Amino acid sequence: MGLPDSIEACLFDLDGVLTATAVLHRKAWKRTFDDFLRDRAGDGFAPFTDDDYFTYVDGKPRADGVRSFLASRGITLPEGEPDDSPRTETVYGVGNRKNNLLLAVIEQEGVSPYPGAQRYLAAAYDAGLKIGVVTSSANGKAVLDGAGLRRYVHVVIDGNVIRERGLAGKPAPDSYLAGAEALHVQPRAAAVFEDATSGVAAGHAGGFGLVVGVDRVGQADALREHGADVVVSDPVDLLDP
């Protein structure tokens, strides 16, 4: 499996590691923030960019992403409540608007696993490793089902679990530590697979046995700088040829 002998479990981020839904998230965030900024500033607004996505949003719980990006534009909104209408100008309202857009994009375009990642996941499962998925997305289980990957996964720590337990989002290690605990392994006996710098930082901060950076967008150096022990273009690259 290309892992140290001490590794007993694998903890995978979902979007961008196992499935191609990171692109769909980026589309939904862009439309959400561009519409929001246009409403406030008119057609002369400065659009949400890919750099904004990777700097302020990628890998973080939805509400954290809203706060982080808007703060970069000098905008502060009331927190609101988790069930706020998508039309409400609160942190949760903006986040719910993004989630509705994401679900619409997923319905239109579907969910596809990365073939190499699916092969690696199946191989890890067949090798007897414990498998967890740790994602900031509240739609983690639905995405796993849609991609046909759920049968390989023993534990899912998603955005709903993070919110219900009051866990700090990535780059804090809380969600990955919760995944290790649910699989009954120590962090040093688990490998973390992440494509976001915030997630790599979370794995490093949690003292995990191996942090694998998955570079699908040309940010290998940034992943290493944030704590990746090894960087691959796809998890399948770790398999013996």
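Refer to the structure printed above.
Residues numbered from 1 in each chain as written. Predicted model: local features only at pLDDT ≥ 70, side-chain atom pairs only at ≥ 80, totals over all residues. Heavy atoms only, no water.

> What's the story with the overall build of the protein chain in this structure? I'm lost.
The helix and strand inventory of the protein chain stands at 10 helices and six strands. A globule of 241 residues ought to have a C-alpha radius of gyration of about 18 Å, and the protein chain, at 17 Å, matches this closely. Counting only C-alpha atoms and orienting by the principal axes, one finds that the protein chain spans roughly 55 × 35 × 30 Å. Counting across all 241 residues of the protein chain, residues that qualify as buried make up 55%. Considering only contacts in the protein chain between residues 6 or more positions apart, those separated by 24 or more positions represent 62%. Surface exposure of the protein chain reaches about 10,600 Å², of which carbon and sulfur atoms provide 47%. Seen as two clouds, the 24 positive and the 35 negative side-chain charges of the protein chain have centres 3 Å apart. (Helix = DSSP H or I, 4+ residues; strand = E, 2+ residues; numbered from the N terminus. Rg over C-alpha atoms; globule rule 2.2 N^0.38 Å. Buried < 20%, exposed > 50% of the residue type's maximum accessible area, 1.4 Å probe, protein only. Contact = heavy atoms within 4.5 Å. Areas by Shrake-Rupley, 256 points an atom, 1.4 Å probe, with all protein chains shown as cover. Lys, Arg positive; Asp, Glu negative; His and termini not counted. Charge placed at Lys NZ, Arg CZ, Asp CG, Glu CD.)

> Help me understand the pattern of salt bridges in this model?
Two side chains carrying opposite charge are able to pair once their charged atoms lie near each other. Enumeration according to the criterion identifies 14 salt bridges in this entry. For arginine 150, the salt bridge identified is with aspartate 145, shortest N-O distance 3.3 Å. Residue aspartate 145 is classed as partly exposed on the basis of its relative accessible area of 46%. One salt bridge connects arginine 216 with aspartate 234, and the closest N-O pair in it is separated by 2.9 Å. In this pair, arginine 216 sits in the loop between β5 (210-214) and α10 (220-225) while aspartate 234 sits in the segment after β6 (230-232), placing the two residues 18 residues apart along the sequence. Take aspartate 234: its relative accessible area is 9%, and that puts it in the buried class. Through salt bridges with shared partners, one network takes in Arg31, Asp35, Arg38 and Asp43. (Salt bridge = Lys/Arg side-chain N within 4 Å of Asp/Glu carboxyl O.)

> I keep staring at the nonpolar core and nothing clicks. Help me out?
Within soluble globular proteins, side chains that are nonpolar tend to cluster in buried spots. Grouped together as the largest cluster of nonpolar side chains are 39 residues, with contacts concentrated most on Leu3, Phe12, Leu18, Ile131 and Phe193. Contributing elements (two or more residues each) for this core: β1 (9-12), α1 (21-41), α4 (91-109), α5 (115-126), β2 (130-134), α6 (140-147), β4 (190-194) and β5. In terms of residues, this core owes the most to one element, α5, which gives five residues. Residues in contact with isoleucine 131, not counting those within four places in the same chain, are Cys10, Phe12, Leu121, Ala124, Tyr125, Tyr152, Val153, His154, Val155 and Leu183. (Core = buried A, V, L, I, M, F, W, Y, C linked by side-chain atoms within 4.5 Å.)

> Explanation requested: the sheet that holds β2 in the structure shown.
Strand pairing in a sheet takes place through backbone hydrogen bonds and is either antiparallel or parallel in direction. Spatially, β3-β2-β1-β4-β5-β6 is the arrangement adopted by the six strands of the open sheet, whose pairing is parallel. Strands at the two margins of the open sheet, each flanked by one partner only, are β3 (155-157) and β6. Put simply, the sheet's adjacent strands are angled 20 degrees from each other on average, direction ignored. Pairing geometry for β2 and β3, over three bridges, is parallel. (Pairing = 2+ DSSP bridges. Axes fitted to C-alpha atoms, helices over the stretch in contact; angles between N-to-C directions.)

> What is the right way to look at the environment of threonine 49 in this model?
Within the secondary structure, threonine 49 is located in the loop between α1 and α2 (50-57). Separated by 15 residues in the primary sequence, threonine 49 and aspartate 34 place their C-alpha atoms 9.4 Å from one another.

> Help me understand the packing of helix α3 (residues 62-72) against α4, please; the structure alone is not making it clear to me.
The angle between the axes and the distance between the axes are what describe a pair of packed helices. Axis separation between α3 and α4 bottoms out at 9 Å; the angle between their running directions is 115 degrees. Relative to α4, the element α3 lies roughly perpendicular. As α3 packs across α4, the resulting crossing turns out to be right-handed. Contacts between α3 and α4 involve Arg62, Ala63, Val66 and Arg67 from the first element and Val91, Tyr92, Val94, Gly95, Asn96, Lys98 and Asn99 from the second. Split by residue class, the contact of α3 with α4 holds five nonpolar, three polar and three charged. (Parallel < 35°, antiparallel > 145°, perpendicular 65-115°, else oblique. Left-handed = near helix turned anticlockwise from the far one by under 90°. Nonpolar A, V, L, I, M, F, W, Y, C, P; charged D, E, K, R; others polar.)

> Even after reading the chapter, I still don't get α2, so can you show me in this structure?
Each turn of an α-helix holds 3.6 residues, which means side chains three or four residues apart point in the same direction. Here α2 has its buried residues at Asp52, Tyr53 and Val57. For α2, the buried positions fall inside an angular range of 100 degrees around the axis, keeping them on one side. On the buried face of α2, the contacting elements are α1 and α3. Following α2 by one or two positions, glycine 59 has its phi on the positive side, about 85 degrees. (Arc of directions from axis to C-beta.)

> Quick question: what am I supposed to make of the pairing of β1 here?
The side chains of a regular strand alternate, residue by residue, between the two faces of the sheet. Every second residue of β1 is oriented toward a common face, with Ala9 and Leu11 on one face and Cys10 and Phe12 on the other, all of them buried. Pairing geometry for β1 and β2, over four bridges, is parallel. Counterpart to leucine 11 in the pairing with β2 is glycine 132. Two elements, β1 and β4, share four bridges in a ladder whose sense is parallel.

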